[in-house]
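A structural walkthrough
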Amino acid sequence: MKKKLTKEDYLWKVNYKVLNCYLDFYREEGIWVTTNQSWNLARWNIYGNVLISKKAIRQFLKFENLDKSSKAVDWNGRKGSRCFVAEHVVPFKVVKELYLKKFSKENPTFEEYKKFFLKFNRLCYVWHEEDLILKNMGLNDSVPDIKNIENKIFERYIKSDIEYIETNLQNGNELFKKLKTLRSGAATLDEVIGSIKKIS
């Protein structure tokens, strides 16, 4: 009897098969499927540990009534946006381009596929003002140096002066639950960072 898959496991496996179909179709027809809907499973479900900016943490600790889903318009931001924007470290448009470039000739093994997404598809929660800075710099859907992206994944944040923290948490819900607990205990910024920071 097969072992029952966890939700996380089956999402990884299903997405692997879907992307292999896209790669096969590209080799057969010369068309790379890139519509947003076709990649939504990967975009929002298949990623490495989340990040958060220092500014986002400061704001969260400072204001008790802030939570993960707070609206930016209530905090001097744009209508339709959230205070804490789930921003892709490498814009997803670029992730799709990199995937084709890396595996256009041969489909990856499951391990290669997973390693790719854990590295390149990661979310960072930034304060809404920081998200606007990235957009104004033209970095919302591009990277400064795509040729060296392997070693410069965080270049967009360096260029825009966004201080980021790599966390030991897998998703936004876990992150903000942890932050809320730390805030209720009156933790300092340094204490929060020490508690959530990924140990290299």
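Above: the structure in question.
Report on the accompanying structure. (Residues numbered from 1 in each chain as written. Predicted model: local features only at pLDDT ≥ 70, side-chain atom pairs only at ≥ 80, totals over all residues. Heavy atoms only, no water.)

This part covers the sheet that holds strand β2 (residues 84-88). The strands making up a sheet associate through hydrogen bonds between their backbones, and the pairing can be parallel or antiparallel. Across the sheet, which stays open at both edges, the 4 strands sit in the order β2-β3-β1-β4 with mixed pairing between neighbours. This sheet does not close on itself; its edge strands, each paired only once, are β2 and β4 (164-166). Within this sheet the neighbouring strands show an average axis-to-axis angle of 25°, counted without direction. As paired elements, strand β1 (residues 51-53) and strand β3 (residues 123-127) share 2 bridges and run parallel to each other. When the bridges of β3 are listed, Leu51 appears paired with Cys124. Across the sheet, helix α3 (residues 54-62) is in contact with β1, β2, β3 and β4; its angle to β1 comes to roughly 75°. Running over the sheet, helix α8 (residues 172-184) touches β1, β2 and β3 and is turned about 50° from β1. (Pairing = 2+ DSSP bridges. Helix = DSSP H or I, 4+ residues; strand = E, 2+ residues; numbered from the N terminus. Axes fitted to C-alpha atoms, helices over the stretch in contact; angles between N-to-C directions. Contact = heavy atoms within 4.5 Å.)

The subject of this paragraph is the pairing of β3. Along β3, 5 of the 5 residues are buried, which leaves the element largely enclosed by surrounding structure. Direction of pairing for β2 relative to β3: antiparallel, over a ladder of 5 bridges. The residue of β3 that forms the bridge with Ala86 is Tyr125. (Buried < 20%, exposed > 50% of the residue type's maximum accessible area, 1.4 Å probe, protein only.)

As a further point, take the packing of α8 against helix α9 (residues 189-196). For the pair α8 and α9, the least separation of the axes is 11 Å and the interaxial angle reads 140°. Between α8 and α9 the crossing geometry is right-handed. For the pair α8 and α9, the contacting residues are Leu175, Lys178, Leu179 and Leu182 in the first and Val192, Ser195 and Ile196 in the second. The residue makeup of the contact of α8 with α9, split by class, is 5 nonpolar, 1 polar and 1 charged. (Left-handed = near helix turned anticlockwise from the far one by under 90°. Nonpolar A, V, L, I, M, F, W, Y, C, P; charged D, E, K, R; others polar.)

For the rest of this paragraph, the subject is the nonpolar core. In globular proteins that are soluble, nonpolar side chains generally tend to be buried together. Core analysis: the biggest nonpolar cluster contains 35 residues, and Trp39, Val90, Tyr99, Tyr113, Phe116, Phe117 and Phe120 have the highest contact counts within it. Counting only elements with at least two residues in this core, the list comes to α1 (7-29), α4 (92-103), α5 (110-120) and β3. Once residues lying within four places of it in the same chain are set aside, the contact partners of Phe117 are Trp12, Asn15, Leu19, Trp39, Ala42, Ile46, Tyr47, Gly48, Phe92, Val95 and Tyr99. Listed in part, the 24 residues of the second largest apolar core include Phe60, Trp75, Cys83 and Ile165. (Core = buried A, V, L, I, M, F, W, Y, C linked by side-chain atoms within 4.5 Å.)

A cluster of nonpolar side chains, contributed by Leu5, Tyr10 and Val14, occupies part of the molecular surface with about 250 Å² of accessible area. Tracing the chain through its elements places Leu5 in the segment before α1. Taking the relative accessible area as the measure of exposure, Leu5 reaches 41% and is therefore partly exposed. (Patch = residues over 30% accessible without salt bridge, like charges linked within 9 Å, V, L, I, M, F, W, Y side chains within 5 Å. Areas by Shrake-Rupley, 256 points an atom, 1.4 Å probe, with all protein chains shown as cover. Salt bridge = Lys/Arg side-chain N within 4 Å of Asp/Glu carboxyl O.)

Another aspect to go through is unusual backbone geometry. Located in the positive-phi region is Asn76, a residue other than glycine, with phi close to 60°. Along the chain, Asn76 turns up in the loop between α3 and β2. Here Asp161, not a glycine, exhibits a phi torsion of approximately 60°, which is positive. Along the chain, Asp161 falls in the loop between α7 (155-159) and β4.

Now for the packing of α1 against α5. At a closest axis distance of 11 Å, the pairing of α1 and α5 adopts a crossing angle of 105°. As the angle between them shows, α1 and α5 are arranged roughly perpendicular. Between α1 and α5, the residues in contact are Leu11, Trp12, Lys13, Asn15, Tyr16 and Leu19 and Phe110, Tyr113, Lys114, Phe117 and Leu118, respectively. Broken down by class, the residue content of the contact of α1 with α5 amounts to 8 nonpolar, 1 polar and 2 charged. (Parallel < 35°, antiparallel > 145°, perpendicular 65-115°, else oblique.)

Before going further, it helps to examine the environment of Asp145. Within the secondary structure, Asp145 is located in the loop between α6 (128-136) and α7. Between the C-alpha atoms of Asp145 and Glu155, which are 10 residues apart in sequence, the distance is 7.8 Å.

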